Amino acid sequence: MFARPYISVGGLVTAGSDKPFCSGALVGNRLVLTAAHCFCSTPAPLEADRKMRPFDDAAHSIYFDVGRNGVSVQRFKVWSVHLSKKFVFQKDSFDPWFHRWDWALLVLADDTSDWSYFGFGDFANPLTAHVTGYPELKYDAKRAYAPMWDDVCPLHRDKRAPLFLEDIYALNHRCDTQGGSSGGPVWYEDATNGFTIKAVHSRRGPVDNIAAPVDSDLHASIGYFRDLLETSTSGSAGEVLIDI
């Protein structure tokens, strides 16, 4: 079993699969932060209205495998998916405007209080950060499960962003990522706040990779769900329709 914070990182898998299609991280009890685009194409398409969707059909269920690295730890069923209301899906795009809001929150069906989770904070520059996830090309069919992959690199504002618009553009990094890394946390250890997520890995680029930074909308959404899930029983949060 991993030590913190790696035990809080997991892979998203479909029913009957052990190969992650995206990565994610626990940011609260029953709450996972990942990338929105993971639910806009196969193998886990979300309805165009982006409202949360209960995955109660066993054949189409999605699971969050937390803290795994070639061994079975624990699998949690995803109860509902919540996409950023500002996110617009554009396949194969490298537009930093598009990737700026590429984040989603997943509510899990069962309690995860025995597991630790990340804090989150605003971007500070300059910053060296970890990018952690489950890249597909690191997966070996001979393994019991895809290995977790972690890399450390500088994180900075997108170089294409005009100075007066830099706060609404994506972030860049050059950590080693592949397909499956999407949704993985971009994090560092803060002396005051501990393990802190600063962004969500969105896409591998030809030179610089792109990440969606934590912003006020995401802060508010995480805070809302944390409060909601503290007072709810397992599964009950999936009955509340929220537009985030």
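Preceding block: the structure.
Each chain carries its own residue numbering, running from 1 in the written order of its sequence. Note on the predicted model: pLDDT of at least 70 is required for a residue's local features to be given, and 80 or more for side-chain atom pairs to be given and counted; whole-chain, interface and lining totals, by contrast, use all residues. Calculated side-chain values reflect all of the structure's heavy atoms, with hydrogen atoms and water omitted.

### Side note on the overall build of the protein
In step 1: The helix and strand labels rest on DSSP assignments: H or I over at least four residues marks a helix, E over at least two residues marks a strand, and numbering proceeds from the N terminus. Helix and strand counts for the protein stand at two helices and 13 strands.
In step 2: As displayed, the protein offers around 10,800 Å² of accessible surface, 50% of which is attributable to carbon and sulfur atoms. In short, Shrake-Rupley with a 1.4 Å probe defines the accessible areas, and a residue's cover is counted only from the protein chains shown.

### Section: empty space enclosed by the protein
It is the rolling of a water-molecule-sized probe over the atoms that shows where space remains empty.
In step 1: Think of a 1 Å grid over the protein atoms and nothing else: a 1.4 Å probe that fits but is trapped marks a cavity, an open set flanked by protein within 12 Å on at least five of seven lines marks a pocket, and residues with an atom within 4 Å of a point count as lining. Grid points are joined across faces, edges and corners, and a volume is the space filled by probe spheres set on the points. For the structure shown, the criterion picks out one cavity of 30 Å³ or more.
In step 2: Estimated volume of the largest cavity: approximately 40 Å³.
In step 3: As for the largest cavity, its lining consists of Val-131, Thr-132, Gly-133, Pro-135, Trp-149, Asp-176, Thr-177 and Ser-181.
In step 4: Sort the elements by how many residues they give to the lining of the largest cavity and strand S8 (residues 127-133) lands first, with three residues.
In step 5: Here the residues of the lining of the largest cavity are counted per class, giving three nonpolar, four polar and one charged. Under the grouping applied here, Gly and all other residues not named as nonpolar or charged are polar, the nonpolar ones being Ala, Val, Leu, Ile, Met, Phe, Trp, Tyr, Cys and Pro and the charged ones Asp, Glu, Lys and Arg.

### Remarks on the state of the cysteines
Chemically, a disulfide is nothing more than a covalent bond linking the sulfur atoms of two cysteines.
In step 1: Cysteine sulfur atoms are paired as a disulfide whenever they come within 2.5 Å of each other. Enumeration over the complete set of coordinates arrives at two disulfides.
In step 2: With its sulfur 2.0 Å from that of its partner, Cys-22 forms a disulfide with Cys-38. Taking the torsion about the S-S bond as the criterion, the Cys-22 to Cys-38 disulfide, at about -95°, is left-handed. Placement of Cys-22 in strand S2 (residues 22-28) and of Cys-38 in the loop between strand S3 (31-34) and strand S4 (62-66) is noted, with a sequence separation of 16 residues between them. Both residues of the pair, Cys-22 and Cys-38, count as buried. For each residue, the accessible area found with a 1.4 Å probe, counting protein chains only, is set against the maximum for its type, and the residue is called buried under 20%, exposed over 50%, and partly exposed in between.

### Some details on the packing of aromatic side chains
In step 1: In summary, the pairing rule links any two rings of Phe, Tyr or Trp, Trp by its six-membered ring, whose centres are within 6.5 Å, and it sorts them by plane angle into stacked for under 30 degrees, edge-to-face for over 60 and tilted for everything else. All chains considered together, the criterion is met by five aromatic pairs.
In step 2: Taken together, the aromatic side chains of Tyr-6, Phe-118, Trp-187 and Phe-195 make up a single cluster linked through ring pairs.

### Some details on the sheet that holds strand S1 (residues 9-14)
In step 1: When DSSP finds two or more bridges between a pair of strands, those strands are recorded as paired. Overall, antiparallel pairing links the six strands, which are arranged S1-S2-S3-S6-S5-S4 in a closed barrel. Adjacent strand axes in the sheet meet at a mean angle of 45° when their direction is disregarded.
In step 2: Sheet analysis places S2 next to S3, joined by three bridges and oriented antiparallel. Within S3, the residue paired with Gly-28 across the bridge is Leu-31.
In step 3: Whether two residues touch is decided by their heavy atoms; if any such pair falls within 4.5 Å, the residues are in contact. All axes here are fitted lines through C-alpha atoms, helices being fitted over the stretch that makes contact, and every angle between N-to-C directions spans 0 to 180 degrees. Contacting S2, S3, strand S5 (74-83) and strand S6 (104-108), helix H2 (residues 216-230) crosses the sheet at an angle of about 10° to S6.

### Brief notes about the nonpolar core
In step 1: Core analysis: the largest hydrophobic core is formed by 45 residues, its most contacted members being Leu-31, Leu-33, Phe-39, Leu-105 and Ile-197.
In step 2: Those elements giving two or more residues to this core turn out to be S1, S2, S3, S4, S5, S6, strand S12 (194-203) and H2.
In step 3: Core analysis: the next-biggest nonpolar cluster, separate from the first, contains eleven residues, Leu-127, Ala-129, Leu-155 and Leu-171 among them. Only buried Ala, Val, Leu, Ile, Met, Phe, Trp, Tyr and Cys residues count toward a nonpolar core, and they belong to the same one when joined by side-chain atoms within 4.5 Å.

### Comments concerning the pattern of salt bridges
In step 1: Salt bridges are counted wherever a side-chain nitrogen of Lys or Arg sits within 4 Å of a carboxyl oxygen of Asp or Glu. For the structure shown, the criterion picks out four salt bridges.
In step 2: Between Arg-100 and Asp-215 there is a salt bridge, and its shortest N-O distance comes to 3.3 Å. Within this pair, whereas Arg-100 is found in the loop between helix H1 (96-99) and S6, its partner Asp-215 is found in the loop between strand S13 (209-213) and H2, the two being separated by 115 residues in sequence.
In step 3: Residue class for Asp-215 comes out buried when judged on its relative accessible area of 9%.

### With respect to unusual backbone geometry
In step 1: Residue Pro-5 follows Arg-4 across a cis peptide bond; omega there is 0°.
In step 2: If you check the backbone angles, Arg-30 has positive phi at about 70° while not being a glycine.
In step 3: Secondary-structure assignment places Arg-30 in the loop between S2 and S3.
In step 4: The exposure class assigned to Arg-30 is buried, which follows from its relative accessible area of 2%.

### Structural notes on the pairing of strand S9 (residues 149-157)
In step 1: Of the pairings in the sheet, the one linking S8 to S9 comprises seven bridges and is antiparallel in character. Bridge pairing in S9 places Ala-129 opposite Cys-153.
In step 2: Pairing of S9 with strand S10 (residues 171-173) involves three bridges; the strand directions are antiparallel. The residue of S10 that forms the bridge with His-156 is Asn-172.

### Observations concerning the environment of Cys-38
In step 1: For Cys-38, a relative accessible area of 4% puts it in the buried group.
In step 2: Once the C-alpha coordinates of Cys-38 and Ser-23 are considered, the two residues, 15 residues apart in sequence, prove to be 9.1 Å apart.

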